[in-house]
Amino acid sequence: MDNQLQNLIVSFIWGIADDCLRDVYVRGKYRDVILPMTVIRRLDAMLEDTKPAVLEMKMKMDEAGITNQWPALCNAAGQAFCNASPFLLKDLTSRAKKQTLKADFEAYLDGFSPNVQEILEKFKFKNQIDTMIDADILGAVIEKFVSPTINLSPKCIYTDDTKQTVKLPALDNHGMGTVFEELIRKFNEENNEEAGEHWTPRDVVELMADLVFVPIKDKIKDATYSCYDGACGTGGMLTVAQDRLLDLAKENDKNVSIHLFGQEIQPETYAICKADMLLKGDGEQAEHISYGSTLSADGNATREFDFMLSNPPYGKSWKVDAEKMGGKKNILDSRFNTYLEDGTQMAMIPKTSDGQLLFLLNNVAKMKKDTELGSRIVEVHNGSSIFTGDAGSGESNARKYLLENDLVEAVIALPENMFYNTGIGTFIWVLSNKKDERRKGKIQLIDATAMKSGLRKNMGKKNCEFTPGIRNEIMRIFMDMEENEVSKVFNNDDFGYWNVTVERPLHLKVFPKRAIPAGTFKKEEEQTVVEEAISKAAKIAPLDDWSVFAKATKLKKAQLNKVRPLITEKDMTAKAVDGEADTDLRDKENIPFNYEGGIDGFMKNEVLSYAPDAYIDEKKTQTGYEISFTKYFYKPVELREMKDIMESLSALEKEADGMMAEIMGGIQ
């Protein structure tokens, strides 16, 4: 089926919404009826020829008292699904009474196998029946969908019984999937505030699919591969990935198959994804789509995958997931925790306000290690994944884990306003655990922020796109590892740094004659003892050396802690207190791993020349990683020469004088 016919079908179905639903539903709610009805009609058309066999099989099993009938009924239907009701959808068009239509339609829906029932449940489609019955539009909607002017069947419709001339061509599984995806796209455009949550722009998905498969296209074999999306939405990313792999395999004369896996937490979006899989004839694939939160209820905990693509939610709280996993501080999930060489546990858990890095770590945990290709991951995130979080934070630890295990091939900065519901800058992560030799120990940064083509009409906040030519250029730069104004290659260590705490000694001068306020100590006798001890010490110990003075008092540590703030002041001319730092002079510094001479070199060059007594508190030293595109690609705006500025000011002054002269002349 060609694109023109597919578009005609989409237009026809879209017209059903305008013809039947306009006065009953607001435009943004058309999808609540049209999407599930499209699914129902396609499944109905696929089951039409085998309906007698299914009903016969059901009668036999009913007579035999068999309760678990679905496997046999689906087998009789020749599909991964079936309908055991006595009706086909077209049988319901003759119902004159609304209540009869309602009862029979509900019986028809109840006749579907459990996998279809789950889809209808997540669509909440049965909630719409009363609305349509009350408005007396259910019959009209059904009649439209079974109209002889549209064919949602996988069989051709002929002009007569001789079957010589095709009236309406068959709609194969791929064509049906395309029609359904197009309907989803149109509804998303009508509902732009939701589009970006469930639907990644096709141009971005195409680039992501290229980044996953093109680098290994020559290594594709006659084999079965797996592809996973832990935030699969409507499944569009999985579909594009499947098509891209099959196309590349065909180019290389390879016979491959691909199993798709995904997980989605939004009920309707999950239903759309599973329905799309069923409509394409992928009954097994539909069973591979899990419902629920990938973070707290991983539906693929024991699986590993060859390829993984995802556009996880960013800037979205995962607090509910954290609570389900025992609270953020008590999360022990091995996906989000690792261990250092000395056995110390390193948590990679970000703030509960943004969980996108957890989706990336979830994918990393599912990488294959014992295959030639290993696994490839491509995910799109916002900027917080690459630079948010100080050394030792969950975000920084996640980047540390990824870079120190040499998993990151590239990070690509995308133009702003590429997505439907956000205008912020986004970045594509490209990961592999089987890097080419030339990429080992290195990361390529590509600044594609200016590589875009404007849209004639904005789609939500999306005002630009990647044309095929732009995608090809980005891929060329990536594949060639080319270094230029928009592409730079770095060593992994270039993004690492030590976060050190620079201390200065505490200098205290003693003023023994200062009064100690009454009540400083609970017992008056104790205060008297302390005051006398201070007076005696003042006669034999230096007042510019607190360490010596404190020993001379022979007071307990707790007593000294109470009186020291009362009888001392900071004074740089006094001697340093043993083992104590001045918190007011404390400073933190980030020292790049590639700083010449390391921490010692930094201290010598940047600190000790100004503060000779400064030192590093080594117990507080932590390592961190961040990736800053601004640092490497920032281009300062060239300032105008003073001469040019003065000339512009002079020209403006003359222009203003001329305008004043005209005004004054007009008044006269």
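Residues numbered from 1 in each chain as written. Predicted model: local features only at pLDDT ≥ 70, side-chain atom pairs only at ≥ 80, totals over all residues. Heavy atoms only, no water.

Engineer: I'd love a proper account of the sheet that holds strand 11 (residues 426-432), names of residues and values included.
Structural biologist: Across the sheet, which stays open at both edges, the nine strands sit in the order 5-4-3-6-9-11-10-12-15 with mixed pairing between neighbours. The open sheet has two free edges, formed respectively by strand 5 (289-291) and strand 15 (487-491), since each of these has just one partner strand. Direction aside, neighbouring strands of the sheet carry axes that sit 15° apart on average. Pairing analysis gives three bridges linking strand 4 (residues 257-264) to strand 5, with the strands arranged parallel. (Pairing = 2+ DSSP bridges. Helix = DSSP H or I, 4+ residues; strand = E, 2+ residues; numbered from the N terminus. Axes fitted to C-alpha atoms, helices over the stretch in contact; angles between N-to-C directions.)

Engineer: Break down the nonpolar core for me, citing the residues and quoting the values.
Structural biologist: Residues L21, M37, F105 and I428 are the most contacted members of the largest nonpolar core, which totals 115 residues. Among the elements that take part in this core, helix 2 (residues 31-47) stands out by supplying nine residues, more than any other. In terms of nonpolar packing, the next biggest core, distinct from the first, is built from 42 residues, A231, A322, M348 and L403 among them. (Core = buried A, V, L, I, M, F, W, Y, C linked by side-chain atoms within 4.5 Å. Buried < 20%, exposed > 50% of the residue type's maximum accessible area, 1.4 Å probe, protein only.)

Engineer: With reference to specific residues and values, describe the packing of helix 5 (residues 98-110) against helix 7 (residues 127-134).
Structural biologist: A pair of packed helices is captured by two measures, namely the crossing angle of their axes and the spacing between those axes. With their axes 10 Å apart at the nearest point, helix 5 and helix 7 run at an angle of 160° to one another. With respect to each other, helix 5 and helix 7 are oriented roughly antiparallel. In terms of crossing hand, the pair formed by helix 5 and helix 7 is right-handed. Where helix 5 abuts helix 7, its residues K98, Q99, L101, K102, F105, E106 and L109 lie against I129, D130, I133 and D134. The residue makeup of the contact of helix 5 with helix 7, split by class, is five nonpolar, one polar and five charged. (Parallel < 35°, antiparallel > 145°, perpendicular 65-115°, else oblique. Left-handed = near helix turned anticlockwise from the far one by under 90°. Contact = heavy atoms within 4.5 Å. Nonpolar A, V, L, I, M, F, W, Y, C, P; charged D, E, K, R; others polar.)

Engineer: A description of the confidence of the model for the protein should follow, citing residues and the corresponding values.
Structural biologist: Summing up the model confidence of the protein, the mean pLDDT is 90 and the portion of residues at 70 or higher is 97%. In this model, residues 193-198 is a region of pLDDT below 50 whose contacts with residues beyond four sequence positions or in other chains number 11 contacts. (pLDDT = per-residue confidence, 0-100.)

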